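So the chains spell out like this:
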Amino acid sequence: MKLLIACDMEGISGVVSWDQVDPSKPEYQRFRHIITVDVNAAVAGACAAGAKEVVIADGHWNSSNVLLDELDSRAHLNTGTPTRLSMVQGVDSGVDAAIFLGYHARAGSLHAVLDHTWSSVRVANLWLNGRITGEFGLNGAICGELGIPVIMVSGDQTVCAEAREWAPGVAAAQVKTAAGRYAAHCLPFEVSRKLIEDTAREAVSSFMAKKHPAPIKMETPVTVTIEFFHSHMADQASLLPGASRLDGRRIEFKAGTMVEAYLGFRAAVNMVSA
Ligand SMILES: [Zn+2]
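Residues numbered from 1 in each chain as written. Predicted model: local features only at pLDDT ≥ 70, side-chain atom pairs only at ≥ 80, totals over all residues. Heavy atoms only, no water.

## Some words on the overall build of the protein
Alright, step 1. Along the protein, the regular secondary structure elements total 6 helices and 12 strands.
Alright, step 2. Here the protein, with 274 residues, has 56% of them falling under the buried criterion.
Alright, step 3. Summarising the internal contacts of the protein: among those between residues at least 6 apart in sequence, 70% fall at separations of at least 24.
Alright, step 4. Between the centroid of the 24 positive side chains of the protein and the centroid of its 29 negative side chains there is a distance of 3 Å. (Helix = DSSP H or I, 4+ residues; strand = E, 2+ residues; numbered from the N terminus. Buried < 20%, exposed > 50% of the residue type's maximum accessible area, 1.4 Å probe, protein only. Contact = heavy atoms within 4.5 Å. Lys, Arg positive; Asp, Glu negative; His and termini not counted. Charge placed at Lys NZ, Arg CZ, Asp CG, Glu CD.)

Spelled out as structure tokens, the structure:
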């Protein structure tokens with residue numbers, strides 16, 4: 001069994017502020033150790049349940065957060081940016097199942113640590129085929145197009161609920177209870193680490209027993225609708241070939257596959273200036 005652990009940073013144990021996940025801030029260095037501890041806990045649980053190969057997709061910021069020299073030696077690391085599949089880089093390498101670790105709720109969520117959708121300064125909302133979508137649904141649908149289920153999530157209570165909407169039956173390690181965007185009640189570090197390990201072990205065991213959430217299937221062609229925070233961003237993104245302008249802040253385009261939808265969404269977000 002080959003497992004992808006796609007990790008983000010906002011839902012990692014103890015994280016409640018941008019300073020803790022921003023490489024230009026001193027606090028960030030401490031949280032690079034903590035994300036690596038959370039990842040190692042998931043690797044340990046997955047391997048205990050029989051995972052034979054583990055690939056980590058480091059998906060936050062510039063994808064260079066996890067410390068290779070502290071990473072469990074059973075895991076391989078996809079790091080650096082940009083890559084074609086970004087937050088799920090490596091999912092097309094014969095992976096059987098995916099774990100989304102350290103995830104956060106979509107933009108505009110109530111009681112959600114660092115809620116956003118891809119860019120906290122550019123993207124107000126994203127819809128795929130008319131369904132409002134955050135990073136769990138977006139990345140989960142890439143896995144789903146390849147027939148790969150997302151079997152576990154970790155983060156706050158709100159991303160865990162969002163994950164259950166997309167993938168009923170997904171195992172959830174809730175490491176904190178968000179009181180707001182920049183506040184949470186956090187589990188003790190050692191409890192959090194063990195919760196992630198136990199949840200990963202159970203999720204992989206269930207997968208082995210053929211009990212797991214269905215892969216997230218998006219009908220094709222995929223209609224991608226992006227609402228930006230400001231109209232100048234939609235002015236810029238509407239230059240994307242095939243894009244149409246819906247109103248002041250929204251553009252829309254169709255993509256033949258979910259991967260094309262992902263590439264088009266990221267291109268649109270990357271081409272706009274904050
Ligand atoms: Zn992130």
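## Let's talk about the coordination of the zinc ion
Alright, step 1. Ligation of the zinc ion by protein atoms is provided by D8 (OD), E10 (OE), E10 (OE) and H60 (ND1), these donors lying 2.0 to 2.5 Å from the ion.
Alright, step 2. Given 4 donor atoms and angles of 55 to 137 degrees at the metal, the environment of the zinc ion is assigned as irregular.
Alright, step 3. In primary sequence terms, the donor set of the zinc ion follows D-x1-E-x49-H.
Alright, step 4. Looking at E10, the relative accessible area reads 3%, which means it is buried. (Donors = N, O, S within 2.8 Å, 3.2 Å for Na, K, Ca; no water. Tetrahedral: all angles 85-135°; square planar, octahedral: opposite > 155°, others 65-115°.)

## Quick word on helix α6 (residues 258–270)
Alright, step 1. Under the 1.5 Å per step criterion, the end-to-end length of α6 is 18 Å for 13 residues, consistent within 8% with the ideal 18 Å.
Alright, step 2. Buried within α6 we find M258, V259, A261, Y262, G264, F265, R266, A268 and V269.
Alright, step 3. Contacts from the buried residues of α6 go to β5 (123–128), α2 (135–145), β10 (222–228), α5 (231–237) and β12 (250–255). (Expected span 1.5 Å × (residues − 1).)

## Brief notes about helix α4 (residues 189–208)
Alright, step 1. The terminal C-alpha atoms of α4, which comprises 20 residues, lie 29 Å apart, in line with the 28 Å expected from a rise of 1.5 Å per residue.
Alright, step 2. When α4 is considered as a whole, its buried residues turn out to be S192, I196, E197, D198, T199, A200, A203, V204 and F207.
Alright, step 3. Here the buried face of α4 lies against β1 (2–7), α1 (27–48), β4 (97–101), β7 (150–156) and β8 (171–180).
Alright, step 4. K210 sits one or two residues past α4 and shows a positive phi near 65 degrees.

## Some remarks on unusual backbone geometry
Alright, step 1. Residue P82 follows T81 across a cis peptide bond; omega there is 0 degrees.
Alright, step 2. You can see P82 is positioned in the loop between β3 (75–78) and β4.
Alright, step 3. Residue P221 is bonded to the preceding T220 through a cis peptide linkage, with omega at -5 degrees.
Alright, step 4. Positionally, P221 belongs in the loop between α4 and β10.

## Looking at the sheet that holds β8
Strand-to-strand pairing in sheets goes through backbone hydrogen bonds, with the strands running parallel or antiparallel.
Alright, step 1. One open sheet holds the 7 strands; their spatial order is β3-β2-β1-β4-β7-β8-β9, and the pairing between them is mixed. Either end of the sheet is taken by a strand with one partner, and the two such strands are β3 and β9 (183–186). The sheet shows a mean angle of 25 degrees between the axes of neighbouring strands, taken without regard to direction.
Alright, step 2. Across the sheet, helix α3 (residues 157–166) touches β7 and β8, and the angle it forms with β7 is around 155 degrees.
Alright, step 3. Most of the contacts of α4 go to β8, to which it runs at about 140 degrees, and overall it touches β1, β4, β7 and β8. (Pairing = 2+ DSSP bridges. Axes fitted to C-alpha atoms, helices over the stretch in contact; angles between N-to-C directions.)

## So, the layout of surface pockets
Alright, step 1. Taken as a whole, the largest pocket encloses approximately 660 Å³ of empty space.
Alright, step 2. Contributing to the lining of the largest pocket are 25 residues, with H60, W61, N62, W118 and S119 lying nearest its centre.
Alright, step 3. A per-element tally of the lining of the largest pocket places α6 first, with 3 residues.
Alright, step 4. Tallied by class, the residues present in the lining of the largest pocket amount to 7 nonpolar, 12 polar and 6 charged.
Alright, step 5. Forming the boundary of the second largest pocket are A105, R106, S109, R131, I132, T158, A161, E162, E165 and W166.
Alright, step 6. Within the residue set of the lining of the second largest pocket, elements represented by two or more residues are β6 (131–132) and α3.
Alright, step 7. Looking at the lining of the second largest pocket element by element, the count peaks at 5 residues for α3.
Alright, step 8. Among the residues forming the lining of the second largest pocket, the class breakdown is 4 nonpolar, 2 polar and 4 charged. (1 Å grid on protein atoms, 1.4 Å probe; cavity = no way out; pocket = protein on both sides within 12 Å on 5 of 7 lines; lining within 4 Å. Points joined across faces, edges and corners; volume = space filled by probe spheres on them. Nonpolar A, V, L, I, M, F, W, Y, C, P; charged D, E, K, R; others polar.)

## Some remarks on the sheet that holds β12
Alright, step 1. One open sheet holds the 5 strands; their spatial order is β6-β5-β10-β12-β11, and the pairing between them is antiparallel. Of all the strands in the sheet, the pair left with one neighbour each is β6 and β11 (244–245).
Alright, step 2. Pairing between β10 and β12: 6 bridges, direction antiparallel. Counted as the bridge partner of T225 is E252 from β12.

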